[in-house]
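# Chain and residue survey
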Amino acid sequence: MAAVNPVLRVPPASPTAAAAHFGASLAFHADVSDVAAALAADGDPGFVVLDSRSTESWDQGHVPGAIHLPTALIPDQAEQLLDKSAPVVTYCWGPGCNGATRAALALAQLGFQVKEMLGGFEYWVREGFEFETREGRERRTPDGLTAPVDAADCGC
């Protein structure tokens with residue numbers, strides 16, 4: 001009998017279970033490209049973006065139009081700064097940081113609709129989207145490993 005490879009050692013979920021899992025994942029997450037596209041479109045995107053990092057991190061760079069509210073201040077300030085009728089998309093530094101997850105949890109516990117922006121500020125910059133710093137607006141060349149080089153979008 002042939003050995004089962006490491007990928008299939010645990011068999012895939014049933015299609016029904018997989019659909020439920022991935023559908024739920026999309027209810028909790030948005031990616032950088034989708035957030036940028038929604039913000040760039042004409043009109044109200046229907047959500048607000050919240051940067052949950054420190055003031056020093058905010059000053060170093062943030063998504064234009066984002067609201068700055070460090071996670072530790074959410075319980076005391078969120079209800080004064082945010083409208084519960086608008087979903088909130090949280091972000092922090094990047095995939096190695098769970099600050100956006102903690103911020104999303106704190107907001108959900110206060111009754112806000114919330115999603116987490118996968119990739120955080122790191123991937124916002126790596127994908128070549130404009131960002132704001134203390135000195136003004138900047139944009140870096142997209143990283144070919146995270147964003148399409150010769151296409152408008154990744155096609156996913």
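All residue numbers here refer to positions counted from 1 along the written sequence of the relevant chain. Local features in this predicted model are restricted to residues whose pLDDT is 70 or higher, and side-chain atom pairs enter the listing and the counts only when it is 80 or higher, whereas totals over whole chains, interfaces and linings include all residues. Heavy atoms throughout the structure, all of them, feed into the side-chain values; hydrogens and water do not.

This paragraph deals with the overall build of the protein chain. Helix numbers and strand numbers start at the N terminus; a helix is a DSSP run of H or I with at least 4 residues, a strand a run of E with at least 2. For the protein chain, the helix and strand inventory stands at six helices and seven strands. With respect to the principal axes defined by its C-alpha atoms, the protein chain has extents near 65 × 40 × 30 Å. Accessible area is worked out with a 1.4 Å probe on protein chains only. A residue is then buried under 20% of its type maximum, exposed over 50%, and partly exposed in between. Within the protein chain, the proportion of its 156 residues that are buried is 33%. The contacts in the protein chain between residues at least 6 apart in sequence include a share of 62% that link residues at least 24 apart. Accessible area for the protein chain stands at about 9,600 Å²; split by element, carbon and sulfur atoms hold 57% of it. In summary, the charge assignment counts Lys and Arg as positive and Asp and Glu as negative, without counting His or the chain termini. By convention, charge coordinates are those of NZ in Lys, CZ in Arg, CG in Asp, or CD in Glu. In the protein chain, 10 positive and 20 negative side-chain charges are present, and the distance between their average locations comes to 6 Å. We call two residues contacting when some pair of their heavy atoms lies within 4.5 Å. Only the protein chains shown count as covering a residue, and every accessible area follows the Shrake-Rupley method with a 1.4 Å probe.

The pairing of strand β1 (residues 29–31) with strand β5 (residues 114–118) spans three bridges and is parallel. Within β5, the position partnered with A30 by the bridge is M117. Two strands form a pair only when DSSP identifies at least two bridges running between them. Bridge count between strand β4 (residues 88–91) and β5: three bridges; the pairing is parallel. Bridge assignment links V88 to a residue of β5, and that residue is V114. When the strands point away from the viewer and the connection leading from the first strand across the helix to the second strand turns clockwise, the crossover is called right-handed. In this fold, β4 hands off to helix α5 (residues 99–109), which returns the chain to β5; that crossover is right-handed.

The next thing to look at is the packing of aromatic side chains. Between 30 and 60 degrees the pair is tilted, below 30 it is stacked and above 60 it is edge-to-face, where a pair is any two Phe, Tyr or Trp rings, Trp via its six-membered ring, whose centres lie within 6.5 Å. This model, assessed by the stated rule, comprises three aromatic pairs. Judged by centre distance (5.5 Å) and plane angle (90°), the rings of F121 and F131 are edge-to-face. Residue F121 is found in helix α6 (residues 120–126), and its partner F131 is found in strand β6 (residues 131–133); the two are separated by ten residues along the sequence. The same class applies to F121 as to F131, namely buried. Residues W124 and F129 carry aromatic rings whose centres are separated by 5.1 Å and whose planes lie at 45° to one another, so their mutual orientation is tilted. Note on F129: relative accessible area 21%, which makes it partly exposed. Following the ring pairs from residue to residue traces out a cluster consisting of W93, F121 and F131. When the ring centre of W93 is taken as origin, the NZ or CZ atom of R53, which lies over that ring, is 4.4 Å away. Above the plane of the ring of F112 lies K84, whose end atom (NZ or CZ) is 5.4 Å from the centre. Criterion for a charge above a ring: Arg CZ or Lys NZ at most 6 Å from the ring centre, at most 35 degrees from the ring normal.

This part takes up the side chain of E116. With respect to the helices, strands and loops of the structure, E116 is situated in strand β5. Every case where a carboxyl oxygen of Asp or Glu lies within 4 Å of a side-chain nitrogen of Lys or Arg is listed as a salt bridge. Salt bridges are absent for the buried E116, whose nearest opposite-charge side chain, R102, sits at 9.4 Å. Any pair of N or O atoms that falls within 3.5 Å is considered a polar contact. Within protein, one atom must be able to donate a hydrogen and the other to accept it, and sequence-neighbouring residues count only if both atoms are side-chain atoms. A polar contact of 2.9 Å, which involves the side chain of E116, links it to the side chain of T101. With sequence-adjacent residues up to four places away left out, E116 is seen in contact with F28, H29, A30, V89, T90, A100 and T101.

All right, on to the state of the cysteines then. Each disulfide consists of a covalent bond between the sulfur atoms of two cysteine residues. Our working definition of a disulfide is a cysteine sulfur pair at a distance within 2.5 Å. As enumerated under the stated definition, the model contains zero disulfides in all. Cysteine C92 is unpaired, with the sulfur of C97 as its nearest cysteine sulfur at 3.3 Å. Owing to a relative accessible area of 3%, C92 belongs among the buried residues under this scheme. Overall, C97 belongs to the partly exposed group, its relative accessible area being 28%.

Remember that the coordinates give geometry; whether it matters functionally is a separate question.
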